[in-house]
Amino acid sequence: MRLSDEIAARRLLYSRPLVTVPALLVIDIPGRYRGPGLALGRYFPVIIETDEELREFEAFLDADRADPRSRRWCA
């Protein structure tokens, strides 16, 4: 599975209005993956400061994985 197909399928990038201001990527998390820790209720915000950071994050979302959860945070 890829996060871009499941968890981050619905997302919107608010581009940088100025070079000195970061972009904001907002991911609309599907109901079955939502938890009480989401800062904006059902949305997960990501601050993107550079074009390289955006490419790296998109690659992270598009990477194939067996499970949507991070192994680091699994109990």
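As shown above, the structure is provided for reference.
About the thresholds
Residues numbered from 1 in each chain as written. Predicted model: local features only at pLDDT ≥ 70, side-chain atom pairs only at ≥ 80, totals over all residues. Heavy atoms only, no water. Helix = DSSP H or I, 4+ residues; strand = E, 2+ residues; numbered from the N terminus. Buried < 20%, exposed > 50% of the residue type's maximum accessible area, 1.4 Å probe, protein only. Contact = heavy atoms within 4.5 Å. Areas by Shrake-Rupley, 256 points an atom, 1.4 Å probe, with all protein chains shown as cover. Core = buried A, V, L, I, M, F, W, Y, C linked by side-chain atoms within 4.5 Å. Polar contact = N/O pair within 3.5 Å; in protein donor to acceptor, adjacent residues only side chain to side chain. Pairing = 2+ DSSP bridges. Axes fitted to C-alpha atoms, helices over the stretch in contact; angles between N-to-C directions.

Draft legend 1. Seen up close, the overall build of the protein chain. Summing up its helical and strand segments, the protein chain has one helix and three strands in all. Each helix and strand of the protein chain, ordered N terminal to C terminal, gives the series β-β-β-α. Every one of the 75 residues in the protein chain was classed for burial, and the buried ones make up 21%. Pairs at least 24 apart in sequence give 42% of the contacts found in the protein chain among residues at least 6 apart. Accessible surface, the protein chain: about 5,600 Å² in total, of which carbon and sulfur atoms supply 56%.

Draft legend 2. Representation of the environment of T20 within the structure. Inspection of the secondary structure puts T20 in the loop between β1 (11-14) and β2 (23-28). Classification of T20 by relative accessible area gives exposed; the value is 72%. Here the alpha-carbon distance between T20 and T50, two residues 30 residues apart in the chain, equals 9.8 Å.

Draft legend 3. View of the nonpolar core. The biggest cluster of nonpolar side chains holds twelve residues, and these are L3, I7, A8, A23, L25, I27, I29, L38, V46, I48, F57 and L61. Secondary structure elements with two or more residues in this core: β2, β3 (43-48) and α1 (51-62). No other element matches β2, which puts three residues into this core. The contacts of V46, once residues within four sequence positions are left out, are A23, L24, L25, I27 and F57.

Draft legend 4. Representation of the side chain of D28 within the structure. Here D28 lies in strand β2. Among the polar contacts listed, one links the side chain of D28 to the side chain of R42, at a separation of 2.6 Å. Contacts of D28, omitting those with residues within four sequence positions, involve I7, R10, R34, R42 and Y43.

Draft legend 5. Spatial organisation of the sheet that holds β1. Read across the sheet, three strands follow the order β1-β2-β3 without closing on themselves; strand pairing throughout is antiparallel. Edge positions in the sheet fall to β1 and β3, since each has one partner strand and no second. When the angles between neighbouring strand axes are averaged without regard to direction, this sheet yields 15°. Across six bridges, the pairing between β2 and β3 is antiparallel.

Nothing here speaks to function; it is geometry throughout.
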